[in-house]
Structures are given as structure tokens and as C-alpha cells.
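The primary structure of each chain is shown beneath.
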Amino acid sequence: MGSGITLYTVGTPNGQKASIALEELKEHYNLEYKHYAIDFDKNEQKAEWFLKINPNGKIPAIVDHNRGDFAVFESGAILLYLVEHYDPEHVLFPEEANEKSEVIQWIMWQMAGLGPMQAQATYFSKFATEKVPFAIDRFKDECHRLYAVLEKHLSSGGRKYIAADRFTIADICSFGWIAGHYVYTGLTLKDYPHEINLPLLFPTYTLPNIMRTHGLFVLSIGSFVTLTCVLLGAVAVSASGPQRNQGLSTAQSTAIATVAFKEVLSTVSIFANGFMFTLFSAALLSIAVVAIPI
Ligand SMILES: N[C@@H](CCC(=O)N[C@@H](CS)C(=O)NCC(=O)O)C(=O)O
């Protein structure tokens, strides 16, 4: 049986949730976990052995060896499970009842709203072999509506975090999809011109955590240099931001550039193996800095 936790995932927006939470818990409590990279190319998520862990055949899932190999699937359920058993100091999940409820409300909002809607918008606009304008518009419109809800929520009272006035699993739950709004789905932040608060979520995620989470420690020196150059490029682009962004402050522009960088980082991490990764990151990061409408 053993001890620790095994995480089965891929660096997709849903897949990142459990990885980020486990990294945070590792940092605060030295929680041990092992990472098993599910191979989508081989449809491993539908293999018999994995269906015993997640009957729904999707990532992420965890098996908790500390608790009799108890298996948990559905990313929101994994977040709630992890804080219930492994966050005694309430670092990621508040103790107070109303704050707790707030966090759960925004997790439900993400799991039933932003996640599925953005996944469908991504599918119909990027992957479907037949382009169906009605479906693309339907799901993109719903994403815009949901982002407007979040935007208004964050703007009112100058909130920096989604719930309970601090970094919680509600932020972790929404992070992947928000970070992938452009690269995955082709949605742009400039649709929220009044006050762009969304990027404020992102500085809370440290680069080392993101790197560990997605196995980017296998980065070759070449790709590291590429990443650094492109990051500097992104910051340089953002420095000329105020005019280009119609009155946004440099701080806001820089925050947006950081998001752009991180969202590309999370996307390329899917392709993170060896030489291909170096080529891919160079190409994607360069395109992103030029194309992302900051
Ligand atoms: N509601 C599920 C969604 C999980 C999900 O859609 N996972 C995708 C990747 S983001 C997946 O495993 N896709 C592969 C497949 O459907 O076969 C959750 O939040 O855990």
C-alpha cells in the first residue's frame, strides 16, 4: 500500500488544479506525492487499470496511499479532499463557515460553469473538424458572460482573490482555464476594458511551483534561455503598454504580460519532452509575445 499520494494528470487546465494544490501543500507541510503522467496519445485515461481509479476516464485523479489507497476523481472534489485531510492550518481553505461557503461557491461556479463552457468553446473553435458557428458562438458567449461575472466580482471591493479575501483553492480551481483563455480558447482580456483585475490572480503563483508542477525541471539549457529571452521580450512589450492598452498602468500591463508568459508556459508544458519541447516552446512563446493582444 505504501504512503504518500499518487497524482495522475496531464498539464491541461483541469489537470493543473491538483498539481498546484499538491505543490502548495508540499511547500507548507512537506506533503509527499508522486506524479504519474497519463499518456493521452495512448488513450491511457481509458485503460482498465485507470478506470478503476477514475470510472469517468479523465484526468486528474489521485490515489491516497496514506488512507488505504482511497481514490478521488473530479478536480474540484480532489481540491476539497486535499484540504480536508492535508491542510490542518487552513492555508488553502478557510475555517470560518461563511468564508468556507464562499470558496465552495466559486469552486462550483468553476466546475459547473467556466470549466465546461470554456472546454466546449475550445473544442468547437480549435479541435472540431467541422466548424459550427452556432456552437462556437454559443460557448464563447457563455465564457464572456462568466468572465464578466468574475470581473465584476473581483472589481467590486478591489478583490485580489476569488473568495475569502485570500489565496484559496477557489483561485487554484480557476487558474488553469483563466491562464489558458487565449492560447486554448482564443478569448481576449481586452473584452474587459474597465478594470482588468484578472491578472492580479497570477503573481501569486511562483514560477518554480509551476515548473515543478508540470515537469519543466527537465528543461534543457537551450529552452531555458529561450524562455528567459521571451520573458524579457514580454516585459519589454508591456513596458510600452500604457498607450497600447488605452490607459492601463504599466503595472497592469506588466501583470498581463506575466499572464501571457505563464499561459504559454502552461501550454507548452503539455509538450514537455526533450528536443520537441525546446522547438515548441521557442515557437509558441515567440508567437505569443507578438500575437497576444496586451
Ligand atoms: N470535470 C472533470 C473534467 C476532467 C476533464 O475533462 N479532463 C480532460 C482533460 S482537461 C480529459 O481527461 N480528457 C481526456 C478524455 O476525455 O479522454 C474534472 O474537473 O476533473
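The rules behind these values
Here the residue numbers are simple positions, counted from 1 along each chain's written sequence. pLDDT decides what is reported in this predicted model: residues at 70 or higher carry local features, side-chain atom pairs at 80 or more are listed and counted, and totals for whole chains, interfaces and linings draw on all residues regardless. With hydrogens and water stripped out, all remaining heavy atoms of the structure feed into the side-chain values. Under the DSSP-based scheme used, a helix requires at least four consecutive residues in state H or I and a strand at least two consecutive residues in state E, with every element numbered from the N terminus. Residue burial is assigned from relative accessible area. The probe radius is 1.4 Å, only protein chains are included, and a residue is buried under 20% of its type maximum, exposed over 50%, and partly exposed in between. Contacts between residues were defined by any pair of non-hydrogen atoms, one from each residue, lying within 4.5 Å. For the accessible areas, the method is Shrake-Rupley and the probe is 1.4 Å, while residue cover comes only from the protein chains on display. One heavy atom within 4 Å of a molecule or strand makes the whole residue count as near it. Under the rule applied, a polar contact is a pair of N or O atoms within 3.5 Å (in protein, one hydrogen donor and one hydrogen acceptor; residues adjacent in sequence only if both atoms are side-chain atoms). Lys, Arg, Asp and Glu make up the charged group, whereas Ala, Val, Leu, Ile, Met, Phe, Trp, Tyr, Cys and Pro make up the nonpolar group; the residues left over, Gly among them, are polar. By definition here, a helix of n residues has an expected span of 1.5 Å times n minus one. By definition, a residue's bend is the angle between the axes fitted to the seven residues ending there and the seven starting there. Each nonpolar core is a collection of buried residues, namely Ala, Val, Leu, Ile, Met, Phe, Trp, Tyr and Cys, held together in the definition by side-chain atoms within 4.5 Å. Note: domain ranges come from an automatic or database domain assignment. On a scale of 0 to 100, pLDDT captures the predictor's confidence in every residue. Only Phe, Tyr and Trp rings are paired, with Trp represented by its six-membered ring, and only when their centres lie within 6.5 Å; those with planes under 30 degrees apart are stacked, over 60 edge-to-face, the remainder tilted. DSSP calls a pair of strands paired once it identifies at least 2 bridges connecting them. What counts as an axis is a line fitted to C-alpha atoms, over the stretch in contact for a helix, and the angles between N-to-C directions run from 0 to 180 degrees.

1. Remarks on the overall build of the protein
No. 1: Summing up its helical and strand segments, the protein has 11 helices and 4 strands in all.
No. 2: Buried positions account for 50% of the 294 residues belonging to the protein.
No. 3: For the protein, the proportion of contacts with a sequence separation of at least 24, taken over those separated by at least 6, is 68%.
No. 4: Accessible area for the protein stands at about 13800 Å²; split by element, carbon and sulfur atoms hold 61% of it.

2. Considering the site of the ligand
No. 1: Inspection of the region around the ligand gives T12, N14, F40, Q45, K46, G57, K58, I59, P60, E74, S75 and M111 as its neighbouring residues.
No. 2: One of the side-chain N or O atoms of S75 is found 2.5 Å from an oxygen atom in the ligand.
No. 3: A total of 510 Å² of accessible area belongs to the ligand in isolation, and the protein chains cover 77% of it.
No. 4: Among the residues forming the shell around the ligand, the class breakdown is 4 nonpolar, 5 polar and 3 charged.

3. Let's talk about the environment of D69
No. 1: As for its placement among the helices and strands, D69 is situated in the loop between β3 (61–64) and β4 (70–73).
No. 2: Classification of D69 as partly exposed rests on a relative accessible area of 34%.
No. 3: Taking the C-alpha atoms as reference points, D69 and T6, 63 residues apart in sequence, are found 9.2 Å from one another.

4. A short note on helix α4 (residues 97–127)
No. 1: If you check α4, its first and last C-alpha atoms are 42 Å apart, about what 31 residues at 1.5 Å a residue would give, namely 45 Å.
No. 2: Maximum bend of α4: about 40 degrees, positioned at Q110.
No. 3: The opening residue of α4 is E96, an N-cap whose side-chain oxygen sits 3.3 Å from the backbone nitrogen of N98.

5. Description of the nonpolar core
No. 1: By size, the foremost hydrophobic cluster in this structure holds 50 residues, and its most contacted members are I5, L22, I62, L82, V103, I169 and I172.
No. 2: Secondary-structure elements contributing two or more residues to this core are β1 (5–9), α1 (13–29), α3 (75–86), α4, α5 (133–155) and α6 (169–179).
No. 3: Three or more residues apiece are contributed to this core by two domains, here domain 1 (5–86) and domain 2 (93–208).
No. 4: Setting aside residues no more than four positions away along its own chain, L22 makes contact with I5, L7, L31, Y33, I62 and L82.
No. 5: Ranked by size, the runner-up nonpolar core spans 8 residues in total, among them V10, I38, F50 and A61.

6. Here's the deal with the confidence of the model for the protein
Low pLDDT marks stretches whose predicted atomic positions should not be read closely.
No. 1: Considering every residue of the protein, the mean pLDDT works out to 77; 64% of them sit at 70 or more.
No. 2: In the predicted structure, residues 240–249 sits below a pLDDT of 50 and forms 12 contacts with residues beyond four places in sequence or in another chain.
No. 3: Low pLDDT, under 50, characterises residues 266–275; the stretch is placed with 20 contacts to residues that sit more than four places away or in other chains.

7. As for the packing of aromatic side chains
No. 1: Throughout the structure, instances matching the rule amount to 11 aromatic pairs.
No. 2: With a centroid separation of 5.7 Å and an interplanar angle of 20 degrees, the aromatic rings of F70 and Y81 are classed as stacked. Linking F70 in strand β4 with Y81 in helix α3, this pair joins segments that are 11 residues apart in sequence.
No. 3: A residue is classified by how much of its surface remains accessible, and Y81, at 8% relative accessible area, is buried.
No. 4: Taken together through their ring pairs, the aromatic side chains of Y8, Y36, W49 and F50 make up a single cluster.

8. Focus on the sheet that holds β4
No. 1: In spatial order, the strands read β2-β1-β3-β4; together these 4 strands make up an open sheet with mixed pairing. The open sheet has two free edges, formed respectively by β2 (33–37) and β4, since each of these has just one partner strand. Across the sheet, the mean angle from the axis of one strand to that of its neighbour is 20 degrees, orientation sign disregarded.
No. 2: Pairing of β1 with β2, which is carried by 5 bridges, proceeds in the parallel orientation. Each bridged residue has a counterpart across the sheet, and for I5 the counterpart in β2 is Y33.
No. 3: Against the sheet, α1 engages β1, β2 and β3, with an angle of about 150 degrees to β1.
No. 4: Sheet contacts for α3: β1, β3 and β4; angle to β4, the most-contacted strand, approximately 135 degrees.

9. Here's the deal with unusual backbone geometry
No. 1: I59 connects to P60 through a cis peptide bond whose omega is 0 degrees.
No. 2: Among the secondary structure elements, P60 is positioned in the loop between α2 (48–51) and β3.
No. 3: The phi angle at H90 is positive, at roughly 55 degrees, despite the residue not being glycine.
No. 4: One non-glycine residue, A164, adopts positive backbone phi at about 60 degrees.
No. 5: Residue position: A164 is located in the loop between α5 and α6.
No. 6: Residue classification places A164 among the buried positions, given a relative accessible area of 6%.

10. Here's the deal with the pairing of β1
No. 1: Here β1 lies mainly inside the structure; 5 of its 5 residues are buried.
No. 2: Neither face of β1 is open: one carries I5, L7 and T9, the other T6 and Y8, and all of them are buried.
No. 3: Looking at chain direction, β1 and β3 are connected through 4 bridges and run antiparallel. Bridge assignment links I5 to a residue of β3, and that residue is D64.

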